[in-house]
Amino acid sequence: MPPLDLDAALARVASRRGVLGERLVYLVETPSTNDAAATLAARGAAEGTVVLAEAQTQGRGRLGRTWHSPAGAGLYLSVVFRPAAGGPGGGAAADVARLMTLMAGVAVADGIRRVTGLPVDIKWPNDLVVGRPPRKLAGLLAEASTVSGRIEFVILGIGLNLAPAAYPPDIADRATSLESELGRGVDAVAVLAETLAALGEGYADLKQGRAREMLDRWRALAPFAQGSAVEWESPRGLVRGTTEGIDEEGALVVRVGNRRERVIAGEVHWH
Ligand code: BTN
């Protein structure tokens, strides 16, 4: 059973969230909500279907990492998007899918900010962080399923730490939770509803060609994307540079000596 007040909270944001949350699948425990949502989507689940779990046994992060997901210590959810359905054609759908992680970063940051007032920042590409040095509060995992190069669906997974029990003690200096930051319990249902509302609005913006506004909001929420020292492993070896923002496709732009490089994936270390 989902929390009883979830229906009421979703009803309050109905005009903003669009179809997101129209169907909500609540699981007490599942290996990964991204996998559960992908299975449902492959069987035809409608856009906006949300899978929410109390606990995950094999929660996944980017680059094959584990996302610890003990019961009740975090929000673990995944949303089915079908950017190619009933709207823009293939090229536009690919643009929407490419910007999905950045759009979701803005939505989750805004959802948390609206409910709690906590000044959450975004760290490219998929981290929500708090403070200096930044401690990770939430992470995003967007996974697309394509058939013959056409996007069938995108599963957007969100993991948000509500309490310190959400992360293992050995990363306690790099992670945080809403409870630790605020020094009190948090209305997780309100955070979930506001996040879905912001996601619904951000998704509508992307589909209607308003990516520029979203990217501007992203830039305002992502101070580390300008002037931070970064390094990453490339086929040519370790590359070091200074961030110079993101481009219109969501790539991180890095000044390396007298040239600029675009980073689109993989691991970037921030200093
Ligand atoms: C990251 O920071 O690397 C991404 C973490 C994403 C975690 C969420 S929890 C809900 C969904 N299901 C998963 O298995 N992963 C995502």
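Coordinates for the structure precede this section.
Residues numbered from 1 in each chain as written. Predicted model: local features only at pLDDT ≥ 70, side-chain atom pairs only at ≥ 80, totals over all residues. Heavy atoms only, no water.

> Where do I start with the environment of Leu 141 in this structure?
Tracing the chain through its elements places Leu 141 in strand β6 (residues 135-147). Along the backbone, Leu 141 and Pro 125 are 16 residues apart, and their C-alpha atoms lie at a distance of 10.0 Å. Residues in contact with Leu 141, not counting those within four places in the same chain, are Asn 34, Arg 60, Gly 61, Arg 62, Ile 155, Leu 156 and Gly 157. (Helix = DSSP H or I, 4+ residues; strand = E, 2+ residues; numbered from the N terminus. Contact = heavy atoms within 4.5 Å.)

> I keep staring at the environment of Arg 60 and nothing clicks. Help me out?
Structurally, Arg 60 can be placed in the loop between β2 (50-56) and β3 (74-81). Arg 60 sits in the partly exposed class, given a relative accessible area of 30%. Along the backbone, Arg 60 and Glu 194 are 134 residues apart, and their C-alpha atoms lie at a distance of 24 Å. Apart from residues lying up to four places away in sequence, Arg 60 is in contact with Ser 32, Asn 34, Asp 35, Arg 65, Trp 67, Leu 141 and Glu 143. (Buried < 20%, exposed > 50% of the residue type's maximum accessible area, 1.4 Å probe, protein only.)

> Whenever I open this one, the nonpolar core confuses me. Can you help?
Generally speaking, a soluble globular protein has its nonpolar side chains buried in company with each other. Among the nonpolar cores identified, the biggest contains 69 residues, and Leu 77, Phe 81, Ile 112, Trp 124, Leu 199 and Trp 218 are the most heavily contacted of them. Top contributing element to this core by residue count: helix α7 (residues 188-207), with eleven residues. Residues within four places of Leu 199 in sequence aside, it is in contact with Leu 20, Val 79, Phe 81, Met 103, Ala 104, Ala 107, Leu 156 and Ile 158. With ten residues, the next largest nonpolar core counts Val 25, Ala 41, Val 80 and Ile 155 among its residues. (Core = buried A, V, L, I, M, F, W, Y, C linked by side-chain atoms within 4.5 Å.)

> Help me out: how do you make sense of the sheet that holds β3 in this one?
Each strand in a sheet pairs with another by means of backbone hydrogen bonds, the pair being arranged parallel or else antiparallel. Across the sheet, which stays open at both edges, the seven strands sit in the order β1-β2-β3-β7-β6-β5-β4 with mixed pairing between neighbours. The sheet is open, and its two borders are formed by β1 (24-30) and β4 (121-123), each paired with just one other strand. Taken pair by pair, the neighbouring strands of this sheet meet at an average axis angle of 20°, ignoring direction. With four bridges joining them, strand β5 (residues 127-130) and β6 adopt antiparallel strand pairing. (Pairing = 2+ DSSP bridges. Axes fitted to C-alpha atoms, helices over the stretch in contact; angles between N-to-C directions.)

> Would you take a moment to explain the sheet that holds strand β9 (residues 237-246) for this structure?
Pairing is antiparallel across the open sheet formed by five strands, whose spatial order is β11-β10-β9-β8-β12. With one partner strand each, in any of the chains shown, β11 (259-263) and β12 (269-270) form the two edges of the open sheet. Strand direction decides the pairing type here: β9 and strand β10 (residues 252-256), joined by three bridges, are antiparallel. Its bridge partner being in β10, Thr 242 is matched across the sheet by Arg 255.

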